[in-house]
Amino acid sequence: MNTRQFSISSFLLILIIYELTTAVIINDFPRILTRTYNQTLNLSDLAILTCHVTNLGNHHVTWLKYDRNTSTFLPLTVGEQVFLSDKRYSVSYYSISQDNSYWNLEIYNVELSDEGIYECKISNRRQSVSIKINLYIQIPMIIQPSRLYVEPGSNVELDCMIYNINTSSITWHFSSYNYTYDYYHYDYDIYEKYQHEKNISKSQLIIRHVQPYHSGLWTCTYKRQKRSARIYVEKGAMKRLLSNNHSSSNIQCTMSLILFALLLGYHMTHRI
């Protein structure tokens, strides 16, 4: 074997050993079994972001949060150490076997500022694994009334209210069975009023001289939250509503009488 052949053989042998060593290192590196997911909570809830890890060994689980100002993920915790002065944040972990453990980032009494993208990450100089959790915070939100029967030419008012926040970023959308349209450009009898008092933000949608083409679903939206009200505009709408209520009352009355008769018969039978 000449020198050239020996050099090539040595290089191939070293390459094979390196690849085998690298494969072993990769196989030994921790894995995160949890997949990226979304979590939606109400304001003031307890958030528990879960990261299921296997084969952790001497590595550390790091929790990070995406910072929009710097467009980077900033570390919140490493292992059990929390790098925040905010006492609402903590880390809990438990093992279900020698190789499987759960590392949870817990946020007590969640606030709107807690909303965002969180990352569970394990890394060293050679490689890393991570998953992301999108945390959304909902705010108490209602619309009144949620169903309305009105005569053509009447005035309609819908109130959309959000609690614990001062905002004017509530938008309204309309859709019917036949079409969807932008009423801002076509209907000058529709306008909105905003007000904030006692920790409640309210957007009031006012429709003057309502017409049948206003029948449909009116939805108020704040970020990803939506509340809808359905409006029925037709002649005789109030009479129809009263008739439906009367029929419902008659049905309830009939059912009550039947139940009373059955109970009376039961007691009479057992007394005999």
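The structure we're discussing is the one just above.
On a predicted model such as this, the values are computed, not experimentally measured, just so you know.

Student: I would appreciate a short explanation of the sheet that holds strand S8 (residues 100-107) in the present structure.
Tutor: Hydrogen bonding along the main chain pairs the strands of a sheet, whether they run parallel or antiparallel. Here we have 4 strands laid out as an open sheet, ordered S1-S3-S8-S7, and antiparallel in their pairing. In the strand order of this sheet, the two ends are held by strand S1 (31-32) and strand S7 (89-95), each with one partner. Strand direction decides the pairing type here: S7 and S8, joined by 7 bridges, are antiparallel. The residue bridging Tyr89 from the neighbouring strand is Ile107, located in S8.

Student: Looking at this structure, how should I read the environment of Ile131?
Tutor: Residue placement: Ile131 occurs in strand S10 (residues 128-138). Taking relative accessible area as the criterion, Ile131 reaches 7% and is therefore assigned buried. Separated by 95 residues in sequence, Ile131 and Thr36 place their C-alpha atoms 5.2 Å apart. If we ignore the near neighbours within four places in the chain, the residues touching Ile131 are Ile32, Thr34, Arg35, Thr36, Thr50, Cys51, Tyr118, Glu119 and Cys120.

Student: What should I look at first to understand the environment of Ile139 in this one?
Tutor: Checked against the element boundaries, Ile139 lands in the loop between S10 and strand S11 (141-144). Classification of Ile139 by relative accessible area gives buried; the value is 4%. Separated by 28 residues in the primary sequence, Ile139 and Glu111 place their C-alpha atoms 9.7 Å from one another. Setting aside anything within four residues of it in sequence, one finds Ile139 in contact with Leu112, Ile162, Tyr163, Ile165, Tyr222 and Gln225.

Student: Even after reading the chapter, I still don't get the pairing of strand S16 (residues 200-207), so can you show me in this structure?
Tutor: Residues in a regular strand point their side chains to alternate faces of the sheet. For S16, a buried count of 7 out of 8 residues is recorded, marking the element as mostly surrounded by other parts of the structure. For strand S13 (residues 156-163) and S16, the ladder comprises 8 bridges, and the chain directions are antiparallel. Residue pairing for S16: Glu157 is matched across the bridge by Ile206. Relative to S16, strand S15 (residues 190-197) runs antiparallel, the two being bridged by 8 bridges. In the strand pairing of S16, Lys193 is matched with Gln204. Counting the residues between successive antiparallel strands, the hairpin from S15 to S16 contains 2 residues, one of them, Lys198, with a positive phi of roughly 50 degrees.

What counts as what
- Residues numbered from 1 in each chain as written.
- Predicted model: local features only at pLDDT ≥ 70, side-chain atom pairs only at ≥ 80, totals over all residues.
- Heavy atoms only, no water.
- Pairing = 2+ DSSP bridges.
- Helix = DSSP H or I, 4+ residues; strand = E, 2+ residues; numbered from the N terminus.
- Buried < 20%, exposed > 50% of the residue type's maximum accessible area, 1.4 Å probe, protein only.
- Contact = heavy atoms within 4.5 Å.

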